[in-house]
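Descriptive analysis of the structure
Spelled out, the chains give:
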Amino acid sequence: MDRTQRLTMADAATTRAAALARDAEVAAQSSERRHQAAPLAAAGALWADIARTHVAIAAALPETETEDADV
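So, how was this worked out
Residues numbered from 1 in each chain as written. Predicted model: local features only at pLDDT ≥ 70, side-chain atom pairs only at ≥ 80, totals over all residues. Heavy atoms only, no water. Core = buried A, V, L, I, M, F, W, Y, C linked by side-chain atoms within 4.5 Å. Buried < 20%, exposed > 50% of the residue type's maximum accessible area, 1.4 Å probe, protein only. Helix = DSSP H or I, 4+ residues; strand = E, 2+ residues; numbered from the N terminus. Contact = heavy atoms within 4.5 Å. Polar contact = N/O pair within 3.5 Å; in protein donor to acceptor, adjacent residues only side chain to side chain. Salt bridge = Lys/Arg side-chain N within 4 Å of Asp/Glu carboxyl O.

**So, the nonpolar core**
Within the largest apolar cluster, five residues are counted, these being Leu20, Ala24, Ala27, Ala37 and Leu40. Elements supplying a minimum of two residues to this core: α1 (3-28) and α2 (34-60). Among the elements that make up this core, the one with the highest residue count is α1 (three residues). With near-sequence residues (within four places) excluded, Ala27 lies in contact with Arg33, Arg34, Gln36, Ala37 and Leu40.

Shown next as structure tokens:
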């Protein structure tokens, strides 16, 4: 897996983390769903950790080379 792929995976994980954070916020504000807030927040934190891990791995990999198109 190259650097670009890792960064793409980090972006996807960040998107999931943000969605779960929004869901946790909505749940925390609802009396019927308040019990769901903590598990949703924990899952969001896990996805944020996964995103940071992908970024750290990408930083350790060599720069992804792109092929120049014949012009």
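**As for the environment of His54**
Secondary-structure assignment places His54 in helix α2. Overall, His54 belongs to the buried group, its relative accessible area being 10%. Spatially, the C-alpha atom of His54 lies 22 Å from that of Arg22, the residues being 32 residues apart in sequence. Apart from the residues within four sequence positions on either side, His54 is in contact with Arg6, Met9 and Ala10. In this structure the side chain of His54 is engaged in a polar contact, spanning 3.1 Å, whose partner is the side chain of Arg6.

**Some points on the pattern of salt bridges**
Overall, the coordinates contain two salt bridges when judged by the stated rule. Ionic pairing is found between Glu63 and Arg3, a salt bridge with its closest N-O pair at 3.0 Å. Separated by 60 residues along the polypeptide, Glu63 in the segment after α2 and Arg3 in helix α1 bring together distant segments of the chain. One salt bridge in this structure joins Arg52 and Asp49, with 2.3 Å as the shortest N-O distance. Taken together, the residues Arg52 and Asp49, both in helix α2 and three residues apart, mark about one turn of the helix.

So yeah, pure geometry; function would need other evidence.
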